[in-house]
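# Understanding the architecture of this molecule
One-letter residues, chain by chain:
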Amino acid sequence: MITFMPCETSFAAPPLREAPNPAAAPANQLLVAGNACGPAALLNAFRFGAPHWQRVSAAVKGDDDRARILTIIREIGMRPSKHLPGRARWSRQGVGLSDLRDMGNEMIMGHALPQLAEEVFFLKPRETPEKLLRRVHKRLDTSLAKGFPPVLSLRRHALRTQPGKPAQWVVIDAHFVTLTAIPHSLEKNPRSFPVRYIDPWGGRHCEGVIRIPGLPLLAGADGTATCLEAVFPETKVGLDRVRRGDTSALVLSAAIGRW
């Protein structure tokens, strides 16, 4: 069951929206490579989804998860990117959000399934952090309700100062995970909500909190944070690249799902 972060306000847990196939075995990206989080997270999304989505993961060739992840990379990930001219979708740097969505949509071809979508989770014009939190929750809940556990795009940002320049937030690492549980509804005036997810780094079930950050994370001109923070203490992505004196935060930057 979901536990709550010590820094968050405890509340009576609302009913959960959970992945339709919770007994599935998580795929572990480390069977292939440290940069295989995208293909592994995508495989987990299909595997933990409703039966019609499970057909996609079952159709991936391979006798074990290492072979299946390699099949996704070699047969779909190595195709030319439509978003980065002259490059393959998957590389030593991993895979970008739009290319991973394209890979998922090619995997579902022939299965009579609707297309997957992507959405970036930063403030829109005239959107407040509170409205952003509700928008993100609605998208993730909708995808789970439609049987597809959404793939979350996480980015580690560090606030760094360079000589003669003001401190700036820079991306130092990125990662994909698969959402498996979320509260079906939010309380009045929420600042956060708990989640469960699968981290493909080791194929682990993890828990965390998505929240409006307490610091001006990637702040706009008015000093308001423009994104949501993923307080995922079990996911260490990018921490080894944080320098002494840096302030860092894990940002929920986008997701791939069905909405």
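Numbers given to residues run from 1 along each chain, matching the order in which its sequence is written. The predicted origin of the model limits local features to residues at a pLDDT of at least 70 and limits the giving and counting of side-chain atom pairs to 80 or more, whereas totals for whole chains, interfaces and linings rest on all residues. The basis for the side-chain values is all heavy atoms of the structure; hydrogens and waters are excluded.

## Focus: the overall build of the protein
- What counts as a helix is a DSSP run of H or I of at least four residues, what counts as a strand is a run of E of at least two, and both are numbered from the N terminus. For the protein, the helix and strand inventory stands at five helices and ten strands.
- Radius of gyration means the value over C-alpha atoms here, while the globule rule gives 2.2 Å times the residue count to the 0.38 power. Its C-alpha atoms give the protein a radius of gyration of 18 Å, near enough to 18 Å, the size a compact globule of 259 residues would have.
- Each of the three principal axes of the protein carries a C-alpha extent, and together these read 50 × 45 × 30 Å.
- Buried residues are those whose accessible area, probed at 1.4 Å on protein chains only, stays under 20% of the maximum for their type, while exposed residues exceed 50% and partly exposed ones sit between those limits. The buried share among the 259 residues of the protein stands at 53%.
- Should any heavy atoms of two residues lie within 4.5 Å, those residues are counted as being in contact. Excluding contacts between residues fewer than 6 apart, the proportion of contacts in the protein whose partners are at least 24 apart in sequence is 62%.
- Here the accessible surface of atoms and residues is derived via Shrake-Rupley with a 1.4 Å probe, and residues count as covered only by protein chains that are part of the display. Just so you have it, the protein exposes about 12,400 Å², and 53% of that area is on carbon and sulfur atoms.
- Distance between charge centroids for the protein: 4 Å, based on 35 positive and 23 negative side chains. By the counting rule applied here, Lys and Arg register as positive and Asp and Glu as negative, while His and the ends of each chain are not counted. All charge positions are set by atom: Lys at NZ, Arg at CZ, Asp at CG, Glu at CD.

## Some words on the pattern of salt bridges
- Whenever Lys or Arg places a side-chain nitrogen within 4 Å of a carboxyl oxygen from Asp or Glu, that contact is recorded as a salt bridge. A complete count under the given rule lists 17 salt bridges for this structure.
- Between Arg-68 and Asp-65 there is a salt bridge, with the nearest N and O atoms lying 2.9 Å from each other. Pair noted here: Arg-68 and Asp-65 are both in helix α3 (residues 65-77), with a separation of three residues, about one helical turn.
- Since its relative accessible area comes to 12%, Asp-65 is described here as buried.
- Within the structure, one salt-bridge network assembled from shared partners comprises Glu-119, Glu-127, Arg-135 and Arg-139.

## Observations regarding the nonpolar core
- Side-chain atoms within 4.5 Å link the members of a nonpolar core, which is a set of buried Ala, Val, Leu, Ile, Met, Phe, Trp, Tyr and Cys residues. Ranked by internal contacts, the top residues of the largest apolar core, which has 31 residues, are Phe-46, Trp-53, Leu-100, Met-107, Val-151 and Phe-176.
- Elements represented by at least two residues in this core include exactly α1 (37-47), α2 (51-58), α3, α4 (97-107) and β10 (247-257).
- With seven residues, α1 is the largest single contributor of residues to this core.
- Discounting chain neighbours no more than four positions away, the residues touching Met-107 are Leu-42, Phe-46, Val-56, Val-60, Ile-72 and Ile-76.
- Counting 29 residues, the second largest nonpolar core, distinct from the first, contains Val-195, Cys-206, Leu-228 and Leu-250.

## Details of the environment of Leu-239
- Assignment of secondary structure puts Leu-239 in the loop between β9 (228-231) and β10.
- Between the C-alpha atom of Leu-239 and that of Arg-47, which follows or precedes it by 192 residues, the distance is 29 Å.
- Once residues within four sequence positions are removed from consideration, Leu-239 is found in contact with Arg-156 and Ser-248.

## Here's the deal with the packing of aromatic side chains
- Note on ring pairs: Phe, Tyr and Trp rings are taken, using the six-membered ring of Trp, and paired if centres are within 6.5 Å. Classes follow the plane angle, with under 30 degrees stacked, over 60 edge-to-face and the rest tilted. This structure, assessed with the given rule, holds four aromatic pairs.
- Relative to Phe-232, the ring of Tyr-197 has its centre 4.3 Å away and its plane inclined at 20 degrees; by these criteria the two rings are stacked. Of the two residues, Tyr-197 sits in strand β7 (residues 192-199) while Phe-232 sits in the loop between β9 and β10, which places them 35 residues apart along the sequence.
- Through a chain of ring-to-ring contacts, three or more aromatic side chains come together here, namely Phe-46, Trp-53 and Phe-148.

## Looking at the pairing of β10
- Most of β10 sits inside the fold, with nine of its eleven residues counted as buried.
- Strands were regarded as paired on the criterion that DSSP finds at least two bridges between them. As judged from the nine bridges shared by strand β5 (residues 151-160) and β10, these two strands associate in the antiparallel manner. Opposite Leu-152, over in β10, you have Ala-255 as the bridge partner.
- Here two bridges tie β9 to β10, and the two strands are oriented antiparallel to one another. Across the sheet, residue Glu-229 finds its bridge partner in β10, namely Val-251.

## Notes on the packing of α1 against α2
- Where α1 contacts α2, the two axes come as close as 7 Å, and the packing angle between them is 140 degrees. Put simply, α1 runs oblique to α2. Taking contact as the criterion, the partners of Leu-43, Phe-46 and Arg-47 in α1 are, on α2, Trp-53, Gln-54, Val-56 and Ser-57. All axes are obtained by fitting lines to C-alpha atoms, using only the stretch in contact for helices, and the reported angles, taken between N-to-C directions, cover 0 to 180 degrees. Orientation labels follow simple angle bins: below 35 degrees gives roughly parallel, above 145 gives roughly antiparallel, 65 to 115 gives roughly perpendicular, and whatever is left gives oblique.

## Re the packing of α1 against α4
- Between α1 and α4, the least distance of the axes is 11 Å, while the angle of their chain directions is 45 degrees. In terms of their interaxial angle, α1 and α4 are classed as oblique. For the pair α1 and α4, the sense of crossing is right-handed. Facing Gly-38, Pro-39, Leu-42 and Phe-46 of α1, the residues of α4 in contact are Leu-100, Met-103, Gly-104 and Met-107.
- Throughout this entry, Asp, Glu, Lys and Arg are counted as charged residues, while Ala, Val, Leu, Ile, Met, Phe, Trp, Tyr, Cys and Pro are counted as nonpolar. The remaining residues, Gly among them, count as polar. Across the contact of α1 with α4, the residue classes break down as six nonpolar, two polar and no charged. Crossing handedness is defined as follows: a turn of the near helix away from the far one that is anticlockwise and smaller than a right angle gives a left-handed crossing, while the clockwise case is right-handed.

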